[in-house]
Amino acid sequence: MNVLNRRPLFVLTQMVILVVVIMAPASQATGQARTSETVIQKATGQFEDSPLIITSLSQGLYVFSGDGGNVTAIVDDSSTLLIDSGLASRISELSDAIFRTTMRPVTRLVNTHWHFDHTGGNTYFGSSGVTIIAQENVKKELSSAEDVPFVGLRDGHYPPQALPGLTYQSSLTLQQGSQKLTLENYGAAHTDGDTVIYIAPANVAVVGDIFSNHFYPIIDLSSRGSIDGMIHSIDRILAQTDEQTKIVPGHGPVTTRANLKDYRDMLVQVRQRVKDLIAAGKTMDEVVAAVPTKDFDARWASGYVTPEVFTRMVFTSLAGANDSR
Ligand SMILES: [Zn+2]
C-alpha cells in the first residue's frame, strides 16, 4: 500500500514555510482586511487548501490530515471504523483516499466533538448507513444553532442523518478487529461533548481538539468549554498513557506524550498568570495588553488562534467560572 509518511510531512513543512514567506508582505499590505478575518475564516482557508496527507501509525491504523481535523481509520477484516470526518467540502476526496488506503467500507464513525471540521462528513457517511457514535452532548450541539465567542464560529442545525445514532455519557468500549477502543468523556473541556479514544494494543490515544499540535487551543465557551476542564482532561490523558503512546491531536502531526505534557504546562502557567491579573482587578483588555502568553508564543502561536484570542477565551473562562479549581 502506498502510504505516505515522513517525506511528504517534510515537504509539507517546507511548503508551509514557503507560503508564510510569500504571504507575509501581502498580509501587511492588507492589514485591515486580515485583522478582521475571524479565527474560523482563517482556519477554513487552511483546511480548504492543505494537501491531504496519509500517515500509517501501525498495521491497519491510519491518520488522514489536512482537510480539517485529523481523521483516524482503524481497519478490521471487513470494515473501517473512522474517528472524525473532516471538512464537508472535501468529503469525496477524503472518502476516496480512505477507500484506496483501507480497501474496506466505512461502517462506524466516532466524532471527538461537534465542530464543523470534525463532523463535515457526517451527512455523507450518515446518509449511506454508517453508524455515528459520540458523547451524548454532541447530538444536542449538532441539532441546535451555536455561536462560539471570539472565533466567529456559527454552526449547528445538522440534518437528522448527520446526528449520532449511538451516544454514551462517560465511557463506552468498542471492538474493531484486534483493537479495543475505549471512549472516555472527562466532563466539559474543549466542548461539553469531547471524546478521547484509547486504542489498544496499538497504544494510540486520539484526543480531538483538547490538544492541537502545536497551537493555542480554541476553548468553546458556547458549549461549556473551559480552561479548567481542558487541563483536567489532559491530566486524565497523561495518567492513561505512557512514553510510547502515539498521541493523535485534533490538528497537526501525530506526536508524543512528552509534547502533550509541555502543552499542559503551558496551559497551567497561562491560567495562573490570567488568574493573578484578574485578582489584581484587571479588565479583559488590560489582561490582553499584559501578554500573559509572551514567552510561549514562539512555540504555540503559529496556528490560527492568536495569543490575543486565546487570552480572551482564558479570561472569560476564569472570570465567568464559579469553579475555583
Ligand atoms: Zn474543535
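Our structure is the block above this text.
All of the points below concern the structure found in this document.

**As for the sheet that holds strand β12 (residues 196-200)**
Argument step 1. Strands sit in the order β10-β11-β12-β13-β14 across an open sheet of five strands; the sheet is mixed. Two strands in the sheet have a free side with no partner beyond their single neighbour: β10 (171-176) and β14 (246-249). Taken pair by pair, the neighbouring strands of this sheet meet at an average axis angle of 20°, ignoring direction.

**Considering the coordination of the zinc ion**
Argument step 1. In this structure, H113 (NE2), H115 (ND1), H190 (NE2) and D209 (OD) serve as the protein donors to the zinc ion, at separations of 2.2 to 2.3 Å.
Argument step 2. The coordination sphere of the zinc ion comprises four donor atoms, whose angles at the metal cover 86 to 163°; the geometry is irregular.
Argument step 3. Read N to C, the donor residues that coordinate the zinc ion are spaced as H-x1-H-x74-H-x18-D. Of this pair, H113 sits in the loop between β5 (106-110) and α5 (116-119) while D209 sits in the loop between β13 (204-208) and α8 (227-240), and the two are 96 residues apart along the sequence. Across the pair, exposure class does not vary: H113 and D209 are buried alike.

**Concerning the environment of S170**
Argument step 1. Assignment of secondary structure puts S170 in the loop between β9 (166-168) and β10.
Argument step 2. Between the alpha carbons of S170 and L183 there is a distance of 8.1 Å; along the sequence they are 13 residues apart.

**Quick notes on the pattern of salt bridges**
Between side chains of opposite charge, a pair can form as their charged atoms come close.
Argument step 1. Following the criterion strictly, the structure yields 13 salt bridges and no others.
Argument step 2. With its nearest N and O atoms 3.4 Å apart, the salt bridge here joins R154 to D147.
Argument step 3. The exposure class assigned to R154 is exposed, which follows from its relative accessible area of 60%.
Argument step 4. With relative accessibility at 43%, the residue D147 sits in the partly exposed group.
Argument step 5. D265 serves as the salt-bridge partner of R264, at 3.5 Å between the closest nitrogen and oxygen.

**Observations regarding the nonpolar core**
Argument step 1. Core analysis: the largest hydrophobic core is formed by 53 residues, its most contacted members being V151, Y263, M266, L267, V305 and F310.
Argument step 2. At the level of secondary structure, the elements contributing two or more residues to this core comprise α3 (39-49), α7 (136-143), β12, β13, α8, α9 (257-279) and α12 (307-319).
Argument step 3. Examining the composition of this core, we find that seven residues originate from one element, α9, more than from any other.

**Concerning the packing of aromatic side chains**
Argument step 1. In the structure shown here, the tally under the stated rule is six aromatic pairs.
Argument step 2. Through pairs of rings, three or more aromatic residues link up here, namely F47, F215 and Y304.

**Quick look at α9**
Argument step 1. Along its 23 residues, α9 runs 33 Å from first to last C-alpha, staying within 8% of the 33 Å computed at 1.5 Å per residue.
Argument step 2. Of the positions making up α9, those classed as buried are N259, L260, Y263, M266, L267, V270, R271, V274 and L277.
Argument step 3. Contacts from the buried residues of α9 go to α8, β14, α10 (284-289), α11 (297-300) and α12.
Argument step 4. Backbone geometry just after α9 places G281 at a positive phi near 85°.

**Details of the pairing of strand β6 (residues 131-135)**
Argument step 1. Most of β6 is tucked away, with four of its five residues classed as buried.
Argument step 2. Across three bridges, the pairing between β5 and β6 is parallel. Paired with L109 across the bridge in β6 is I132.
Argument step 3. Pairing between β6 and β9: three bridges, direction parallel. The residue bridging I133 from the neighbouring strand is L166, located in β9.

**A few points about the sheet that holds strand β3 (residues 68-75)**
Argument step 1. Reading across the sheet, the seven strands line up as β1-β2-β3-β4-β5-β6-β9 and stay open at both edges, with mixed pairing between neighbours. Strand pairing shows two members of the sheet lacking a second neighbour, β1 (53-58) and β9, which therefore form its edges. On average, adjacent strands in this sheet sit at an angle of 20° to one another, irrespective of strand direction.
Argument step 2. Where strand β4 (residues 80-83) and β5 come together, four bridges link them in parallel fashion. Paired with L81 across the bridge in β5 is R108.
Argument step 3. The strands touched by α7 within the sheet are β6 and β9, with β6 carrying the most contacts at an inclination of about 105°.

**Some thoughts on the packing of α9 against α12**
Argument step 1. As a packed pair, α9 and α12 sit with axes 10 Å apart at the nearest point and diverge in direction by 65°. For the crossing formed where α9 meets α12, the hand is right-handed. Mapping the contact onto sequence places M266, L267, V270, R271, V274, K275 and I278 in α9 and F310, V314, F315, L318 and A319 in α12.
Argument step 2. For the contact of α9 with α12, the per-class residue count stands at 10 nonpolar, no polar and two charged.

**Re the side chain of S317**
Argument step 1. Looking at where S317 falls in the secondary structure, it is placed in helix α12.
Argument step 2. In this structure S317 comes out as buried when scored by relative accessible area, which is 6%.
Argument step 3. Setting aside residues no more than four positions away along its own chain, S317 makes contact with L221, S226 and I227.

Conventions used here
- Residues numbered from 1 in each chain as written.
- Predicted model: local features only at pLDDT ≥ 70, side-chain atom pairs only at ≥ 80, totals over all residues.
- Heavy atoms only, no water.
- Pairing = 2+ DSSP bridges.
- Helix = DSSP H or I, 4+ residues; strand = E, 2+ residues; numbered from the N terminus.
- Axes fitted to C-alpha atoms, helices over the stretch in contact; angles between N-to-C directions.
- Donors = N, O, S within 2.8 Å, 3.2 Å for Na, K, Ca; no water.
- Tetrahedral: all angles 85-135°; square planar, octahedral: opposite > 155°, others 65-115°.
- Buried < 20%, exposed > 50% of the residue type's maximum accessible area, 1.4 Å probe, protein only.
- Salt bridge = Lys/Arg side-chain N within 4 Å of Asp/Glu carboxyl O.
- Core = buried A, V, L, I, M, F, W, Y, C linked by side-chain atoms within 4.5 Å.
- Phe/Tyr/Trp six-rings, centres within 6.5 Å; stacked < 30°, edge-to-face > 60°.
- Expected span 1.5 Å × (residues − 1).
- Contact = heavy atoms within 4.5 Å.
- Left-handed = near helix turned anticlockwise from the far one by under 90°.
- Nonpolar A, V, L, I, M, F, W, Y, C, P; charged D, E, K, R; others polar.

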